[in-house]
Amino acid sequence: MQRPERLEDQVHFLLSTLVQRELRDPELGFVTLTAVRLSPDRSVAKVYFTVLPANGGDQEAQDLLTRKALGRAAGFLRSQLANRLKMRRVPELRFFPDGTLEDGNHMETLLAEIEKERAARPADPASEEG
């Protein structure tokens, strides 16, 4: 039996390849699979994705459309995984939008605001005496 991280990497690679080359759903858009996390018993694979909104559209709406499109393709993707991986049971695929990029952007914005406030504040004479 393979280590979970290695199996996650294999599933991630295969799913990414299948989504790019095999799926022809017009609602799919420009999707990137960012990570796969297997449950401890390997019965469920959480597949995280990001998608670029079309024409500057709503990110949440695009995430929902993409999640539904990937959900419709889950059976096909599972059967293709079963053909390529030597596993007794292929995990159930569940798709989730990956919010780490948005979280990172939000964190950068907050840090920039803190830096602006720090620069706008007058220097503290007590701290300069040191």
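Sequence order as written defines residue numbering, which begins from 1 separately in each chain. Since the coordinates come from a predicted model, pLDDT governs what is reported: local features require at least 70, and pairs of side-chain atoms require 80 or more to be given and counted, while whole-chain, interface and lining totals use all residues. Values reported for side chains reflect all heavy atoms of the structure, with hydrogen atoms and water molecules removed beforehand.

(A) Structural detail: the packing of aromatic side chains. Put simply, two rings from Phe, Tyr or Trp (the six-membered ring, in Trp's case) pair if the centres are within 6.5 Å, and we call them stacked under 30 degrees between planes, edge-to-face over 60, tilted for the rest. Following the criterion strictly, the structure yields one aromatic pair and no others. Ring geometry for Tyr 48 and Phe 96: centres 5.8 Å apart, planes at 35°, overall tilted. Pair noted here: Tyr 48 is in strand E2 (residues 44-52) and Phe 96 is in strand E3 (residues 92-97), with a separation of 48 residues, a long-range link. Given the relative accessible area of 24%, Tyr 48 is considered partly exposed. Two thresholds decide whether a charge sits over a ring: the Lys NZ or Arg CZ must be within 6 Å of the ring centre and within 35 degrees of the ring normal. Residue placement shows Lys 46 over the ring face of Phe 96; its charged tip is 5.8 Å from the ring centre. A run of H or I in DSSP counts as a helix once it spans at least four residues, and a run of E counts as a strand once it spans at least two, with each numbered from the N terminus. Think of it in three bands: residues with accessible area under 20% of the maximum for their type are buried, residues over 50% are exposed, and the middle band is partly exposed, with areas taken using a 1.4 Å probe on protein chains only.

(B) Broad picture of the pattern of salt bridges. Any carboxyl oxygen of Asp or Glu within 4 Å of a side-chain nitrogen of Lys or Arg constitutes a salt bridge here. The final tally for this structure, using the stated rule, is five salt bridges. Between Arg 72 and Asp 25 there is a salt bridge; the shortest N-O distance is 2.7 Å. Separated by 47 residues along the polypeptide, Arg 72 in helix H2 (residues 59-72) and Asp 25 in the loop between helix H1 (4-21) and strand E1 (30-38) bring together distant segments of the chain. Look at Asp 25 and you get partly exposed, because its relative accessible area is 22%. Close ionic contact of Glu 27 with Arg 72 constitutes a salt bridge, the shortest N to O distance being 3.2 Å. Here Arg 72 lies in helix H2 and Glu 27 lies in the loop between H1 and E1, a separation of 45 residues in the sequence. Overall, Glu 27 belongs to the partly exposed group, its relative accessible area being 34%. One network of salt bridges, in which partners are shared, links Asp 25, Glu 27 and Arg 72.

(C) Quick peek at a nonpolar patch on the surface. A contiguous nonpolar surface patch, about 370 Å² in accessible area, is contributed by Met 107, Leu 110, Leu 111 and Ile 114. Along the chain, the position of Leu 110 falls in helix H4 (residues 100-120). Owing to a relative accessible area of 35%, Leu 110 belongs among the partly exposed residues under this scheme. Note that patches include only residues with greater than 30% relative accessible area and no salt bridge, and the join distances are 9 Å for like charges and 5 Å for nonpolar side chains (Val, Leu, Ile, Met, Phe, Trp, Tyr). Only the protein chains shown count as cover for residues, and all accessible areas are computed by the Shrake-Rupley method using a 1.4 Å probe.

(D) Geometry of the packing of H1 against helix H3 (residues 74-84). Following both chains from N to C, one finds H1 and H3 inclined at 125°, their axes separated by 10 Å at the closest point. It follows from the interaxial angle that H1 and H3 lie oblique. Between H1 and H3 lies a crossing of right-handed hand. Here Val 11, Leu 14, Leu 15, Leu 18 and Val 19 of H1 lie close against H3, whose contacting residues are Leu 77, Gln 80, Leu 81 and Arg 84. For the contact of H1 with H3, the residue count by class is seven nonpolar, one polar and one charged. Between the N-to-C directions of two axes lies an angle of 0 to 180 degrees, each axis being a line fitted to C-alpha atoms and, for a helix, fitted only over the stretch in contact. Every angle not falling under 35 degrees, over 145, or within 65 to 115 is termed oblique; those three ranges are roughly parallel, roughly antiparallel and roughly perpendicular. Take the far helix as your reference; a near helix turned counterclockwise from it by less than a right angle gives a left-handed crossing, and one turned clockwise gives a right-handed crossing. Contacts: residue pairs with any heavy atoms within 4.5 Å of one another. Ten residue types, Ala, Val, Leu, Ile, Met, Phe, Trp, Tyr, Cys and Pro, are classed as nonpolar, four, Asp, Glu, Lys and Arg, as charged, and the remainder, Gly among them, as polar.

(E) Expanded view of H2. One less than the residue count of a helix, multiplied by 1.5 Å, gives the span that helix is expected to have. Compared with an ideal rise of 1.5 Å per residue, which puts 14 residues at 20 Å, H2 spans 20 Å between its outermost C-alpha atoms and is within 8% of the ideal. Looking only at H2, the buried set comprises Gln 62, Asp 63, Thr 66, Ala 69 and Leu 70. The buried residues of H2 all sit within an arc of 130° when viewed along its axis, so they share a single face. In this structure, H2 carries Glu 60 and Arg 72 as exposed residues pointing more than 90 degrees from its buried face. The arc under discussion is defined with respect to the helix axis, by the directions toward the C-beta atoms.

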